[in-house]
Amino acid sequence: MDPPQLLFYVNGQKVVEKNVDPEMMLLPYLRKNLRLTGTKYGCGSGGCGACTVMLSRYNPSTKTVRHHPVNACLTPICSLYGTAVTTVEGIGNTRTRLHPIQERIAKCHGTQCGFCTPGMVMSMYALLRNHPEPTLDQLTDALGGNLCRCTGYRPIIDACKTFCKASGCCQSKENGVCCLDQGINGLAEFQEGDETNPELFSEEEFLPLDPTQELIFPPELMRIAEKQPPKTRVFCGDRVTWISPVTLKELVEAKFKHPQAPIVMGYTSVGPEVKFKGVFHPIIISPDRIEELSVISQDQDGLTLGAGLSLDQVKDILADVVWKLPEEKTQTYRALLKHLRTLAGAQIRNMASLGGHIVSRHLDSDLNPLLAVGNCTLNLLSKDGERQIPLNEQFLRKCPEEDLKPQEVLVSVNIPCSRKWEFVSAFRQAQRQQNALAIVNSGMRVLFKEGGGVIEELSILYGGVGPTTISAKNSCQRLIGRPWDEEMLDKACRLVLDEVTLAGSAPGGKVEFKRTLIISFLFKFYLEVSQGLKREDPGHYPSLAGNYESALEDLHSKHHWRTLTHQNVDPAQLPQDPIGRPIMHLSGIKHATGEAVYCDDMPAVDQELFLTFVTSSRAHAKIVSIDLSEALSLPGVVDIITASHLQEANSFGTETFLATDEVHCVGHLVCAVIADSEKRAKQAAKQVKVVYQDLEPLILTIEEAIQHKSFFESERKLECGNVDEAFKIVDQILEGEIHIGGQEHFYMETQSMLVVPKGEDGEIDIYVSTQFPRYIQDIVAATLKLSVNKVMCHVRRVGGAFGGKVGKTSILAAITAFAASKHGRAVRCILERGEDMLITGGRHPYLGKYKAGFMNDGRILALDVEHYCNAGCSLDESLWVIEMGLLKMDNAYKFPNLRCRGWACRTNLPSNTALRGFGFPQAGLVTEACITEVAIKCGLSPEQVRIVNMYKQVDNTHYKQEFSAKTLPECWRECMAKCFYSERKTAVGKFNAENSWKKRGMAMIPLKFPVGIGSVAMGQAAALVHIYLDGSALVSHGGIEMGQGVHTKMIQVVSRELRMPMSSVHLRGTSTETVPNTNASGGSVVADLNGLAVKDACQTLLKRLEPIISKNPQGTWKDWAQTAFDQSISLSAIGYFRGYESNINWEKGEGHPFEYFVFGAACSEVEIDCLTGNHKTIRTDIVMDVGHSINPALDIGQVEGAFIQGMGLYTIEELNYSPQGTLYSRGPNQYKIPAICDIPTEVHISFLPPSEQSNTLYSSKGLGESGVFLGCSVFFAIHDAVRAARQERGVSGPWKLSSPLTPEKIRMACEDKFTKMIPRDEPGSYVPWNIPV
Ligand SMILES: Cc1cc2nc3c(=O)[nH]c(=O)nc-3n(C[C@H](O)[C@H](O)[C@H](O)COP(=O)(O)OP(=O)(O)OC[C@H]3O[C@@H](n4cnc5c(N)ncnc54)[C@H](O)[C@@H]3O)c2cc1C
Ligand code: FES
Ligand code: FES
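This structure is a prediction, so every number in the text was calculated from the model and none was measured.

Enquirer: An account of the overall build of the protein is needed here, citing residue identities and associated values.
Expert: Looking only at helices and strands, the protein has 40 helices and 49 strands in total. Its C-alpha atoms give the protein a radius of gyration of 31 Å, near enough to 34 Å, the size a compact globule of 1333 residues would have. With respect to the three principal axes, the spread of C-alpha positions in the protein is 95 × 85 × 70 Å. Here the protein holds 1333 residues, and 64% of them are scored as buried. Looking at the protein alone, contacts between residues at least 24 apart form 78% of all its contacts between residues at least 6 apart. Of the accessible surface of the protein, which amounts to about 47400 Å², a share of 50% is contributed by carbon and sulfur atoms. Placing the 136 positive and 151 negative side-chain charges of the protein at their respective mean positions leaves the two points 2 Å apart.

Structure representation (structure tokens):
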């Protein structure tokens, strides 16, 4: 008998697979087998949404098609039988027709690097298929599982909002007031000025959404579904067999035969275990369309829901039931619904099943605690018949007598209705509000004796605090019979803390926070129930104190609202001149259709190999031996490269490639395995056996480095005035310090490269995602002992870089090139997200120590600062980061007597490197922390102290560079005015006086961001412009397109200079073949420097062609080019810019390192939940002086994207290291970058009208980095709110600030009776799970 075929459709095309590998996921299948590379790999763990596609399934019983988004990276292809898959390529393209969502996301400037865009498009597309006119809530919900590291989400929301019924409005008329009518704190909204606020896009141009144009569900699949013979399908792979029963009977039989095989529904629990924990299942049972598993039945006792329903379906069912039934019956349903709204993203909720969720019993399951307190029962079936078991603590603990038997199938779940006088509540706190596993969650239920207020039943379960969901059953038992009062609450807290215990070294860390949450949730429950009792019997139960009600309210969240103000171009400017206009990113449409080609989208080269790394599992050790034999014996393995192969080519500059006899960090590259496929290379890498012997000392933290004097080079120092003398005359002196955690770049495209030996003269081509092609060329040439002219490096575009694709990328490329050259075959190396995060390092953790001498009016007259950065195990750019930190640490302030010193600490961590802002976000925060403390000491607001110390006019920096700060106070004043600072500050005070458990805070931060590279040579740039005989032009330059839109700007430059339409100018990418000897793209100056070179090339051409053009002024470029050709005049020109004057003498501590300064100010307001540490940014206003913007749409995108990245840095992005130096946070599920839920509910960005002309490209300013720092306005706003809480609770004494201000730190700083109640561990009495580095 023929083996069954796997049949499904992709984008309307039938796919029939005869030899199916059950281990194959949809993402690699689409990308490699079908060559549909629009769908991207971002994490492989369901956490980023880059791989989103839409699945459509036909239900023959209801005769309906269900469309839903899924993560292709976690979708086994065997699960696709009878399904229609739609990818980004299937909905539109540039050759035939664009889909409106593709058009709008591009035209609304919702793409930068574009790597997240196909996923965004598909999430939105799936939403529109189900709701052609979605509400804003549906929209943000649909995009909640998609991460974007570039845009800050606002323009994506703008694009998607155009599909909503009334775009720009929340559409909810809560209390009769719509979002457009009410401002924060009841204040008037920011007014848009029409003249200075030209739209960034025009909605009138947009293609209409026409649902009739969408792909239809394939009729063949409908026919098959209708007539599906009830027969199990079996797909056999090399290692795994996939069994798909289509009836319940067959399922039960399969489970009987293979009791150890998992029943795979969504694969969202089994998949990550297989992938990341090495779990292996030789047999997988995956039921398909079994009706009994999708049952929905409701009677007066409750609901029965099929175990196969997806969590999203459960959400919709519950929402419907809650709407229909009286509130007293729906307590459990409401609680479940509350958690289902924030559980994972839309993709996971659509894949994950209720049964899979329950049976997996994850320790942080959101639903299991609620289902358990709600007295749910599980309906099981096996060959022995039906059985019911309670979903209780024993089941959750997997007690054998209360668990499913291996042969049993969970068919459905009974969820009873709640009863009168019964209350159920759900609580959770995570690092991020949405799409983040809970740190602690809880389900709580109480039943009172009829009307008497006496506890009859009480049930409390917690997740996140043990190896599984934990019940506080003894405590609950002891509280039965008690009245619901404060005495009971106090007793309950003490009992629960005794019963639900956490060791100091508990996995996941945050132990004291978790203990506090355990009882904070209890307090919230107490209040919620008290309020419920009052509602039921107002005469009998007291109201909550007014200032306590806020404990129960959700954090302020109004729908997104923004204004953007930028200068319009001079009306006299020619209409065809694009400079200053908000031109869309020229790859925007291609990003949105998936046609934009990134490195790993390039097709395989004949005989291509794959390279993967073996990395050290020890932080500081001697390599005793490396045994490669087993790995080398595996099929498909071609070679394993170690340091001994590279010999003297194993290093370049200060960086070594592969470990020789010692490793210096976990993640140190040990060897590189090369095989004929990625899968085989990875399998072989696991078989490489390295024996280590630990070495002393192990230095991980900055403090340890200081103790061991473990520094790269000696200190760097800048000094001005006389600090010691100034300390003698000041009114007050304070000393303090702040620790700032590192940051992961989290570019969406991981490190990627393809090296192709050309087979002739040793030539080699490197296609790589890098910011620095010349360096790659140099390092590869040196490694291969080739002259540089044989090595060419090509970069079409980069899917985000942020500083992380320079040093390490080059090392990876050198090793990959060595492998390619050795074997004469192309070699591809693409890091997985976890490898990337482990190996590549990120922003430096920082310690700033300060001593400030100041007058009582806030003037800081003396400042002595020490900066330490955790550089990791190799130098990389760390010294330069420290230098930039010292040069920029004054931020916006004139400190007349200043001494600042800095050290790069050598530790046993992966080498840290450049990240957007390059030292300034840390150095600036140290200064602002000091200012904030000075303000507190002086009894002034931090804003007052900021103004007092601010640069105001022409002045000198501490390294004696003269500059004009004229627009700095202007930005400050304008920001104050636009954000209604005083009124809102008063309103914040009022809010805080009225609310005990929610507090608001506001902070305004100025910005002076110096722009420059520090040396003339490093600022040089070159360009090449060709004009062809048809009148079109091709421009090349040395800058890399990594999302910032530099290629778009360069085409704008050519268009202006040559007076040629932008459509006639093309740019193919960056290559060392066209423009040699380039500098790294970074430091905010890429467009500026390269633009001046492009301009120069154009002017050379124009000069050459001037006689021809003036002879035929009415001619076209085609005419002029032909004439030039006929006259033997070259139509190619190089352009050159030698770099800005730039120098700094570190001996003397003076110089002119920067060409210009970007000024700005940002004001943020936040609300915090003092009981959980949650926060929400309510509003942010940013005012920037950006000079003459070349492209306001791109520039606003840079400011906004950087701001959100900064907000992430200072609030939620937390890297966790073990005490042995292993990075735990290796993917989006452990490391939280801001998601759509994090962006401020209101954003107002405005650019000052340009004031002066400068030497820069059309007097513009580079904006790539500066906005990051403004994210600290959120940090200090949180600080302000926490201070209000502490003041109210009478907590005096300093609060040691550190970044990021995570929910943990916020909660623990809002000290109260609960934080006092928890047990504390003696430091040193336990080994903590993680350490701050
Ligand atoms: C990116 C991501 C984010 C997440 N975020 C959250 C979150 O915020 N909160 C949260 O609570 N959870 C979260 N989860 C976990 C998620 O809820 C679970 O993975 C999911 O519910 C499991 O369902 P599934 O259908 O995919 O299970 P599968 O992986 O298909 O199966 C899981 C287990 O259940 C068993 N099983 C499934 N169905 C049956 C049945 N009918 N009878 C017997 N056994 C059965 C299988 O044998 C297997 O052992 C997240 C997961 C991911 C990947
Ligand atoms: S790649 Fe699939 S979710 Fe990230
Ligand atoms: S545009 Fe979203 S990740 Fe770059």
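Enquirer: Run through the nonpolar core, naming residues and quoting values.
Expert: Ranked by size, the top nonpolar core spans 309 residues in total, and within it Tyr462, Trp484, Phe613, Leu863 and Met1184 carry the most contacts. Sequence-distant contacts of Met1184, defined by excluding residues within four places in its chain, comprise Cys971, Leu1007, Val1158, Phe1159, Gly1160, Val1199, Ser1246, Phe1247, Leu1248, Leu1263, Ser1266 and Leu1270. Core analysis: the next-biggest nonpolar cluster, separate from the first, contains 80 residues, Phe8, Met25, Ala352 and Ile389 among them.

Enquirer: Mind laying out the site of ligand 1, listing which residues take part and the relevant values?
Expert: Around ligand 1, the surrounding shell holds 33 residues, and the nearest of these are Ile263, Met265, Thr268, Ser353 and Asp366. Interatomic distance of 3.2 Å between a backbone N/O atom of Ala344 and an oxygen atom of ligand 1. At 3.4 Å, a side-chain N or O of Arg428 approaches an oxygen atom of ligand 1. Protein chains shield 93% of the accessible area of ligand 1, which is 980 Å² for the free molecule.

Enquirer: Pulling in residues and values, what's your account of the side chain of Asn1191?
Expert: Mapping Asn1191 onto the fold places it in the loop between strand S47 (1175-1185) and helix H36 (1192-1211). Under the relative-accessibility criterion, Asn1191 is labelled buried at 0%. Here the side chain of Asn1191 touches Ile583 through a polar contact of 2.9 Å, landing on its backbone oxygen. Side-chain polar atoms of Asn1191 contact the backbone nitrogen of Ala1193, separated by 3.1 Å. Apart from residues lying up to four places away in sequence, Asn1191 is in contact with Arg581, Pro582, Ile583, Thr1048, Lys1049 and Gln1052.

Enquirer: Give me the packing of helix H25 (residues 773-784) against helix H26 (residues 807-823): which residues, what numbers.
Expert: Two elements in contact, H25 and H26, have axes separated by 9 Å at closest approach and are oriented at 40°. Classified by the interaxial angle, the pair formed by H25 and H26 is oblique. Crossing angle aside, the handedness with which H25 passes H26 is right-handed. From H25, Tyr775, Ile776, Ile779, Val780, Thr783 and Leu784 reach across to H26, where they touch Gly807, Thr809, Ser810, Ile811, Ala813, Ala814, Ala817, Phe818 and Ser821. For the contact of H25 with H26, the class distribution of residues is 10 nonpolar, five polar and no charged.

Enquirer: How would you summarise the packing of aromatic side chains if you had to cite specific residues and measurements?
Expert: Following the criterion strictly, the structure yields 35 aromatic pairs and no others. On the basis of an interplanar angle of 50° and a centroid distance of 5.9 Å, the ring pair of Phe8 and Tyr29 is categorised as tilted. With a gap of 21 residues between them, Phe8 in strand S1 (residues 6-10) and Tyr29 in helix H1 (residues 26-33) connect regions that are remote in the sequence. Just as Phe8 is buried, Tyr29 falls in that class too. Plain terms: the ring middles of Phe115 and Tyr598 are 4.9 Å apart, the flat faces sit at 90° to each other, and that makes the pair edge-to-face.

Enquirer: Any details on the pattern of salt bridges? Residues and values, ideally.
Expert: Counting across every chain of the model gives 82 salt bridges. Notably, a salt bridge pairs Glu457 with Arg419, separated by 3.4 Å at the nearest N-O pair. Taken together, the residues span a long stretch of sequence, with Glu457 in strand S16 (residues 455-463) and Arg419 in the loop between strand S13 (409-416) and strand S14 (422-430) at a distance of 38 residues. Among the residues examined, Glu457 registers a relative accessible area of 25% and is labelled partly exposed. Notably, a salt bridge pairs Lys998 with Asp1169, separated by 3.9 Å at the nearest N-O pair. Highlighted residues: Lys998 in strand S38 (residues 998-1011) and Asp1169 in strand S46 (residues 1156-1169), separated in sequence by 171 residues. Taking the relative accessible area as the measure of exposure, Lys998 reaches 1% and is therefore buried. Since its relative accessible area comes to 4%, Asp1169 is described here as buried. Among the ionic contacts, a cluster of salt bridges with common partners joins Arg31, Lys32, Lys40, Asp600, Asp601, Glu608 and Arg828.

Enquirer: With reference to specific residues and values, describe the sheet that holds strand S42 (residues 1070-1071).
Expert: In space, the eight strands of this open sheet follow the order S21-S25-S19-S32-S29-S30-S31-S42, with mixed pairing throughout. The open sheet has two free edges, formed respectively by strand S21 (637-641) and S42, since each of these has just one partner strand. The pairing of strand S19 (residues 609-615) with strand S32 (residues 827-830) spans two bridges and is classified as parallel. What sits directly across from Leu609, in S32, is Val827.

Enquirer: Run through the environment of Asp1280, naming residues and quoting values.
Expert: Counting through the fold element by element, Asp1280 comes out in helix H38 (residues 1272-1288). The spacing of Asp1280 and Thr563 is 717 residues in sequence and 25 Å in space, taken between C-alpha atoms. The contact partners of Asp1280, leaving out residues within four places of it in the chain, are Lys985, Gly1001 and Met1002.

Enquirer: Lay out the sheet that holds strand S17 (residues 470-471) with the relevant residues and their values.
Expert: Strand order in the open sheet formed by four strands is S14-S15-S16-S17, and the pairing between neighbours is antiparallel. Two strands in the sheet have a free side with no partner beyond their single neighbour: S14 and S17. Inspection of the sheet shows S16 paired to S17 by two bridges, in the antiparallel sense. Within S17, the residue paired with Leu461 across the bridge is Ser471. Packing of helix H11 (residues 331-342) onto the sheet brings it into contact with S14 and strand S15 (438-448), and relative to S14 it is tilted by some 15°.

Enquirer: How would you explain a negative patch on the surface if you had to name every residue and give the values?
Expert: Together, Glu760, Asp761, Glu763 and Glu1073 line one region of the surface with negative charge. You can see Glu1073 is positioned in the loop between S42 and helix H34 (1086-1111). Judged by relative accessible area, Glu1073 falls into the exposed class, the value being 56%.

Enquirer: Give me the lowdown on helix H28 (residues 878-888), citing residues and values where you can.
Expert: Judged by how many residues are buried, H28 sits mostly within the fold: 10 of 11 residues are covered. If you check which residues of H28 are buried, you get Ser878, Leu879, Val881, Ile882, Glu883, Met884, Gly885, Leu886, Leu887 and Lys888.

Enquirer: Before we move on, can you summarise empty space enclosed by the protein with the specific residues and values?
Expert: In total, this model carries 16 cavities of 30 Å³ or more according to the counting rule given. Approximately 130 Å³ is the volume attributed to the largest cavity. As for the largest cavity, its lining consists of 17 residues, of which Gln431, Gln433, His1175, Ile1212 and Asp1238 are closest to the centre. Residue assignment for the lining of the largest cavity shows that the elements contributing at least two residues are S14, S47 and H36.

Enquirer: Run through the side chain of His68, naming residues and quoting values.
Expert: Along the chain, His68 falls in strand S4 (residues 64-71). Excluding residues within four positions of it along the chain, His68 makes contact with Val53, Met54, Leu55, Arg57, Ala126 and Asn350.

Enquirer: Got a sec to walk through the environment of Val270? Specific residues and values, please.
Expert: When you line up the elements, Val270 lands in helix H9 (residues 270-277). For the pair Val270 and Leu293, spaced 23 residues apart in sequence, the C-alpha to C-alpha distance is 19 Å.

Enquirer: Provide a residue-level description of helix H35 (residues 1117-1126), including the pertinent values.
Expert: Buried within H35 are the following residues: Trp1117, Trp1120, Ala1121 and Ala1124. Along H35, the residues classed as buried sweep out an arc of 100° about the axis, all on the same side. Backbone geometry just downstream of H35 places Ser1128 in the positive-phi region, at approximately 55°.

Enquirer: How would you explain the environment of Gly355 if you had to name every residue and give the values?
Expert: For Gly355, the position within the fold is in helix H13 (residues 354-360). Here Gly355 falls in the buried class, since its relative accessible area comes to 7%. C-alpha separation for the pair Gly355 and Pro1332, spaced 977 residues apart in sequence, amounts to 39 Å. Not counting chain neighbours up to four residues away, the residues in contact with Gly355 comprise Ala307 and Leu410.

Reading the values: the criteria
- Counting restarts for each chain: residues are numbered from 1 in the order of the written sequence.
- For this description, chains carry letters from A and ligands carry numbers from 1, given in the order in which they are written.
- Restriction of local features to residues with pLDDT of at least 70 applies here, the model being predicted, together with a cutoff of 80 or more for giving and counting side-chain atom pairs; totals for whole chains, interfaces and linings are based on all residues.
- Excluded from the side-chain calculations are hydrogens and water; all other atoms, namely the structure's heavy atoms, are used.
- Every helix listed is a DSSP run of H or I at least four residues long, and every strand listed is a run of E at least two residues long, numbered separately from the N terminus.
- The size measure is the radius of gyration over C-alpha atoms, and the globule rule it meets is 2.2 Å times the number of residues to the 0.38 power.
- Categorising residues by exposure relies on relative accessible area from a 1.4 Å probe, with only protein chains included: less than 20% of the type maximum marks a residue as buried, more than 50% marks it as exposed, and the intermediate range marks it as partly exposed.
- Should any heavy atoms of two residues lie within 4.5 Å, those residues are counted as being in contact.
- Per-residue and other accessible areas were derived by the Shrake-Rupley procedure at a 1.4 Å probe size, with only the shown protein chains allowed to occlude residues.
- Charged residues are defined narrowly, with Lys and Arg counted positive, Asp and Glu counted negative, and His plus the chain ends left uncounted.
- Every charge is mapped to an atom, namely NZ of Lys, CZ of Arg, CG of Asp or CD of Glu.
- Here the nonpolar core consists of buried residues drawn from Ala, Val, Leu, Ile, Met, Phe, Trp, Tyr and Cys, with membership extended through side-chain atoms lying within 4.5 Å.
- Whether a residue is near a molecule or strand depends on its heavy atoms: if one lies within 4 Å, it is near.
- By the criterion applied in these results, polar contacts are pairs of N or O atoms within 3.5 Å in which, for protein atoms, one can donate a hydrogen and the other can accept it, and in which residues neighboring in sequence qualify only through two side-chain atoms.
- Helix axes are fitted only over the stretch in contact, all axes being lines through C-alpha atoms; the angle between N-to-C directions runs from 0 to 180 degrees.
- Here roughly perpendicular refers to angles of 65 to 115 degrees, roughly parallel to angles under 35, roughly antiparallel to angles over 145, and oblique to all remaining angles.
- Here a crossing is called left-handed whenever its near helix is offset anticlockwise from the far helix by less than a right angle, and right-handed whenever the offset is clockwise.
- Here the term charged refers only to Asp, Glu, Lys and Arg, the term nonpolar to Ala, Val, Leu, Ile, Met, Phe, Trp, Tyr, Cys and Pro, and the term polar to all other amino acids, Gly among them.
- Each Phe, Tyr or Trp ring, with Trp reduced to its six-membered ring, pairs with another whose centre is within 6.5 Å; inter-plane angles below 30 degrees give stacked pairs, above 60 give edge-to-face pairs, and intermediate values give tilted ones.
- Here, a salt bridge means any Lys or Arg side-chain nitrogen found within 4 Å of an Asp or Glu carboxyl oxygen.
- For two strands to be treated as a pair, DSSP must find at least two bridges joining them.
- Each patch is assembled from residues with relative accessible area greater than 30% and no salt bridge, linking like charges that lie within 9 Å and nonpolar side chains (Val, Leu, Ile, Met, Phe, Trp, Tyr) that lie within 5 Å.
- The definitions used throughout rest on a 1 Å grid laid over the protein atoms alone, on which a cavity is an enclosed set of points accommodating a 1.4 Å probe that cannot get out and a pocket is an open set flanked by protein within 12 Å on both sides along at least five of seven lines; lining residues are those having an atom within 4 Å of a point.
- Grid points are joined across faces, edges and corners, and a volume is the space filled by probe spheres set on the points.
- To obtain the arc, one takes the directions from the helix axis to the C-beta atoms.

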